[in-house]
Amino acid sequence: MELLDKLTILADAAKYDAACTSSGARRGHVEGMIGSTSSSIAGCCHTFSADGRCVTLLKVLLSNDCVYDCKYCVNRRSNDVRRTSFTPKELAELTIGFYRRNYIEGLFLSSAVLGSPDRTTELMIRTLSLLRGEYRFNGYIHAKAIPGASPELVYQLGLLADRLSVNIELPSEASLKSLAPNKTKRAILAPMRQIRYGVAESKAELVKYRSAPRFAPAGQSTQLIVGASGESDRHILNLTESLYGQYRLKRVFYSAYVPVVENALLPSLDTKPPLLREHRLYQADWLLRFYGFRACELLDEAQPDFDPRLDPKCCWALRHPEFFPVEVNRADYETLLRVPGVGVVSAKRILVARRTGPLHADDLRKLGVVMKRAQYFLTCSGQLATPLRLSYAGVMANLMAIERAALPAAQFEQLSLFDRVG
Amino acid sequence: MAWREIIYQYDGSFDGLLSCIYESYTQKERPTAIVCDGDAEPCFFEVRTVATVRAHAERVSRSLRRLSPDVIPLLRRVHLTCLPNKEMAIYRFVAKLYREGPRYLTRLSDDAYQPLLRAVHQLSTEVEHLRGFLRFSVFDGMLGAEIEPKNRVLPLLRGHFCDRCYNETFFIYDRTHREALLYANGVSRIVPLESFEIAAPDAEEADYRRLWKRFYDTIAIPERENPKRRMSNMPKRYWGTMTEFQEESAEAPPAAEEARRFRGSGGRLGRGGGRLDHAATV
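Small disclaimer: the values here were computed from a predicted structure and weren't measured.

Asks: Just checking my understanding: could you explain the overall build of chain A for this structure?
Replies: The number of helices and strands found in chain A is 16 helices and 11 strands. Whereas a compact globule of 422 residues would reach a radius of gyration of roughly 22 Å, chain A reaches 24 Å, a difference of no more than 12%. Here the C-alpha coordinates of chain A stretch approximately 65 × 55 × 35 Å along the principal axes. Of all 422 residues assigned to chain A, the portion counted as buried reaches 46%. Within chain A, contacts between residues separated by at least 24 positions form 69% of all contacts whose residues are at least 6 apart in sequence.

What follows is the structure in structure tokens.
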């Protein structure tokens, strides 16, 4: 088979993986090697595909010839698709060729389970060793740890890669059992735990010895599929929080389920991927990581799912009138961050700018605060930023009107005229 | 300070601009405009050419450093942006800073300060974008790229690409500002270059372009197509120089019409001197 065909098949099979970042590794150039990972700590997007997602890495499978039969997956054994595999040499040359031309920041290597998890991991190790060794590649590598592979192999893989990830995919044990019969929760969590301690150990060793081996210096990430099984947003967000806390994950990615197969256990083929729900989860994810929110504040038993019409921060603000209005000229950083329309950058700018004198609504706009959201929640030297005093329902209606323009129209067609606002 | 209607003309360098500031304070006059050599339009105001004097520039820069170490790096960046009348914007900012002292630097929303911050923010965004969106082609083992930025980004791209392509030989040509960044054996230079023609791709280069285009088209999920999101993440003005948006049949690189064979007569360096393939090995 020609390389162009192989690339088409194996990129097509890998495209449902959401993770595509080159963040977290900082390694300068090395004499005689190709590339570096020092572009910036936040990673570098090399292009955006037609669906608007960032493309940073050459994201391919080593092989799509899978022995597993997970119901939601295009590569499952029972699906009738063309099967192929890269040879280590082909993949190394492709990576180097793309990297030198500044198409990519590195390689994202995943694979279907070829024979057994151990055999697959061995093949991945052989490929990455060739790339790092003979082809002198010093760029970013993200590798998938295959659930069920032996710890020694996962360790070796981590020495070659910058970041490792294990995809949880289905956010609960019950859905795993029904949709991915070959996987178990234990087999998924075991490598995650190993990577978590491996990364911590390697960091501690590096403090003592400069030349200690680096195990996955950019940490680990995972992916959860949204909308293939019946979990609530609250369940997913709580899981996310514990993954960031207990497993020290760098990122949790959400992937709206795109129906690829007709199965009684799955949403039907004409279901649209729940993109808005995925978007809301990402917004909440940001609130957890950068804004000091906790999952239980955003969703609770009474409200297990996000309101599609408003972002999670606005929802929280509307549920907590006792917290507002916030006085811009006195509030501390953490409080400012909780105001809708104020982000990390603008909150920091407020702290600097108010040192020389009180800020007014006009100044806030120049500092980058999104006043169309923030105006309802702020006072400047005791003065409300909006001349109108609106009721709770009025604020909510206004905030929703702002959102509506940015959202796909379809999301609102179901609302009837008689829906109560607020 | 007395108000004299005078226009300064300088050589376009950052030191030249600082020399203008020096001139203004020593002559006790406030310019109505500061323009680059050759940009002055005939008018009734007096036009004076201010010579770039290293010692004068150093004097101004020392006084600013005394107020804050961050000012000079900020102004250097502003000077690279495409902010209209950036010279006067810098002048007004410096005048206000002298008047009000270092506390002025926290007034982020001030009318003489905020436009500079916004311009620098746009510059940084463009640099960030081009770190990713720039596309090299390989010619005989050497890397070459063309960009069309709004701001003068080459000085800021320099560090990144010299690190990333440490063991390579490469050049990046800036079509807007007609200058090129050359790098070989650990040494880089930015030289003015009036015109530049890029060679047609060889078979291997064409193969890689085809592979990349195929990968780009394959990696998108059709059910999630979202042109608006793509456009806001990657504005269309970058597409002209990106491999994935060029016609598959077109054998030639982006600027096919006006650019041909850089080893030909047009492939000479401007004031930088020497032929490109020679200069790149400096």
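After presenting the structure, the write-up continues.
Asks: Help me understand the overall build of chain B in this model?
Replies: When helices and strands are tallied, chain B shows 9 helices and 8 strands. Across chain B, contacts joining residues at least 24 apart in sequence account for 68% of those joining residues at least 6 apart.

Asks: Got a minute to help me understand the packing of helix α7 (residues 233-246) of chain A against helix α8 (residues 275-290) of chain A in this structure?
Replies: Each pair of packed helices can be summarised by the angle the axes make with each other and by the distance between the axes. Residue and element names in this part refer to chain A. Direction vectors running N to C along α7 and α8 enclose 35°, while the axes themselves pass 11 Å from each other. Crossing hand, α7 versus α8: right-handed. The residues of α8 that touch α7, namely those facing D233, I236, L237, T240, E241 and Y244, are L281, A284, D285, L288 and R289. Residue composition of the contact of α7 with α8, grouped by class: 6 nonpolar, 1 polar and 4 charged.

Asks: Before we go on, may I ask you to explain the interface of chain A and chain B in this structure?
Replies: The extent of an interface is frequently quoted as the accessible surface area lost upon association of the parts. Every contact between the two is made by 43 residues of chain A and, on the other side, 41 residues of chain B. Those elements giving two or more residues to the side of chain A that touches chain B turn out to be α1 (3-12), β1 (47-48), α2 (88-100), α12 (344-353) and α13 (361-366) of chain A. Of the residues assigned to the side of chain A that touches chain B, the class counts are 18 nonpolar, 15 polar and 10 charged.

Asks: For this particular structure, what's the right way to read the sheet that holds strand β7 (residues 179-184) of chain B?
Replies: Strand pairing in a sheet takes place through backbone hydrogen bonds and is either antiparallel or parallel in direction. All names here are of chain B. Spatially, β4-β5-β6-β7-β8 is the arrangement adopted by the 5 strands of the open sheet, whose pairing is mixed. Taken across any chain shown, the strands that pair with only one partner, and hence form the sheet edges, are β4 (137-139) and β8 (187-192). Between one strand axis and the next, the sheet turns through 20° on average, direction left out of account. Direction of pairing for β7 relative to β8: antiparallel, over a ladder of 6 bridges. Residue pairing in the sheet places A184 in a bridge with V187 of β8.

Asks: Would you mind showing me how to read the domain arrangement of chain B here?
Replies: Residue and element names in this part refer to chain B. As far as domains go, chain B holds domain 1 (6-123) and domain 2 (134-282). Between domain 1 and domain 2, the residue contacts involve 4 residues of the former and 4 residues of the latter. A class-by-class count of the residues in the side of domain 1 that touches domain 2 yields 3 nonpolar, 1 polar and no charged.

Asks: Sorry, what's going on with the sheet that holds strand β6 (residues 163-165) of chain A here?
Replies: Residues and elements named next belong to chain A. Strand order across the open sheet formed by 6 strands is β3-β4-β5-β6-β7-β8, with parallel pairing between neighbours. Across the chains shown, the open sheet's two edge strands, defined by having one partner strand only, are β3 (57-61) and β8 (251-256). Across this sheet, the average inter-strand angle for adjacent strands is 20°, counted without regard to direction. For β3 and strand β4 (residues 106-110), the ladder comprises 5 bridges, and the chain directions are parallel. Directly across from L61, in β4, lies its bridge partner S110.

Asks: Where do I start with the nonpolar core in this structure?
Replies: The nonpolar side chains of soluble globular proteins are, as a tendency, buried together. Ranked by size, the top nonpolar core spans 175 residues in total, and within it L157 of chain A together with I172 of chain B carry the most contacts. For this core, the element with the most residues is helix α5 (residues 114-133) of chain B, which contributes 6 residues. For I172 of chain B, the contacting residues outside a window of four places in its chain are L134, A145, I147, L154, L157, F161, A180 and L181 of chain B.

Asks: I keep staring at the domain arrangement of chain A and nothing clicks. Help me out?
Replies: Residue and element names in this part refer to chain A. Here the domain parsing of chain A yields domain 1 (3-298) and domain 2 (312-413). In this complex, domain 1 contributes 10 residues to the contact, which on the side of domain 2 involves 8 residues. Where the side of domain 1 that touches domain 2 is concerned, the elements lending two or more residues are α8 and α9 (295-298). Here the side of domain 1 that touches domain 2 is built from residues that sort into 6 nonpolar, 2 polar and 2 charged.

Asks: Would you take a moment to explain the confidence of the model for chain B for this structure?
Replies: For any part of a model where pLDDT is low, the fine detail of the predicted coordinates should not be relied upon. Residues and elements named next belong to chain B. Of the residues in chain B, 86% reach a pLDDT of 70 or more, and the chain-wide mean stands at 86. Contacts from residues 250-282, a stretch scored under 50 in pLDDT, to residues over four places away or in other chains number 59 contacts. At the level of chain-chain contacts, confidence expressed as ipTM amounts to 0.89, with global pTM at 0.87.

Asks: Teacher, can you tell me more about the confidence of the model for chain A here?
Replies: Residue and element names in this part refer to chain A. For chain A, per-residue confidence averages 88 on the pLDDT scale, and 95% of positions sit at 70 or higher. Helix α11 (residues 333-337) holds the highest mean pLDDT among the elements of chain A, 96, whereas helix α16 (residues 410-413) holds the lowest, 47. For residues 410-417, every residue scores under 50 in pLDDT, and the model assigns this stretch 3 contacts once sequence neighbours within four places are set aside.

Asks: Please explain the packing of α5 of chain B against helix α6 (residues 154-164) of chain B as it appears in this structure.
Replies: All names here are of chain B. For the pair α5 and α6, the least separation of the axes is 10 Å and the interaxial angle reads 40°. One element, α5, and the other, α6, form an angle in the oblique class. In the crossing of α5 with α6, the sense of the turn from one axis to the other is right-handed. Of the residues in α6, those in contact with V127, L130 and R131 of α5 are L156, L157 and H160. Tallied by class, residues from the contact of α5 with α6 come to 4 nonpolar, 1 polar and 1 charged.

Asks: Hey, could you run me through helix α4 (residues 151-160) of chain A in this one?
Replies: Side chains three or four residues apart in an α-helix point the same way, a direct result of the helix having 3.6 residues per turn. All names here are of chain A. By the burial criterion, the buried members of α4 are L153, V154, L157, G158 and L160. The buried residues of α4 occupy one face: seen down the axis, they fall within an arc of 160°. Buried positions along α4 lie against α3 (117-132), β5 (140-144), β6 and α6 (185-208).

Asks: What exactly am I supposed to notice about the environment of L18 of chain B here?
Replies: All names here are of chain B. Position of L18 relative to the elements: it lies in helix α1 (residues 14-26). C-alpha of L18 to C-alpha of H56: the two residues are 38 residues apart in sequence and 7.4 Å apart in space. Here L18 is in contact with A57, V60 and S61, once residues within four sequence places are set aside.

Asks: Sorry, what's going on with the environment of L237 of chain A here?
Replies: Residues and elements named next belong to chain A. Mapping L237 onto the fold places it in helix α7. Taking the C-alpha atoms as reference points, L237 and A284, 47 residues apart in sequence, are found 7.8 Å from one another. Sequence-distant contacts of L237, that is, excluding residues within four places in its chain, are made with A284, A295, L298 and L299.

Calculation rules
Residues numbered from 1 in each chain as written. Chains lettered and ligands numbered in written order. Predicted model: local features only at pLDDT ≥ 70, side-chain atom pairs only at ≥ 80, totals over all residues. Helix = DSSP H or I, 4+ residues; strand = E, 2+ residues; numbered from the N terminus. Rg over C-alpha atoms; globule rule 2.2 N^0.38 Å. Buried ≥ 20, exposed ≤ 12 C-beta atoms within 10 Å, placed from the backbone. Contact = placed C-beta atoms within 7 Å. Axes fitted to C-alpha atoms, helices over the stretch in contact; angles between N-to-C directions. Left-handed = near helix turned anticlockwise from the far one by under 90°. Nonpolar A, V, L, I, M, F, W, Y, C, P; charged D, E, K, R; others polar. Pairing = 2+ DSSP bridges. Domains from an automatic or database assignment. Core = buried A, V, L, I, M, F, W, Y, C linked by C-beta atoms within 7 Å. pLDDT = per-residue confidence, 0-100. Parallel < 35°, antiparallel > 145°, perpendicular 65-115°, else oblique. Arc of directions from axis to C-beta.

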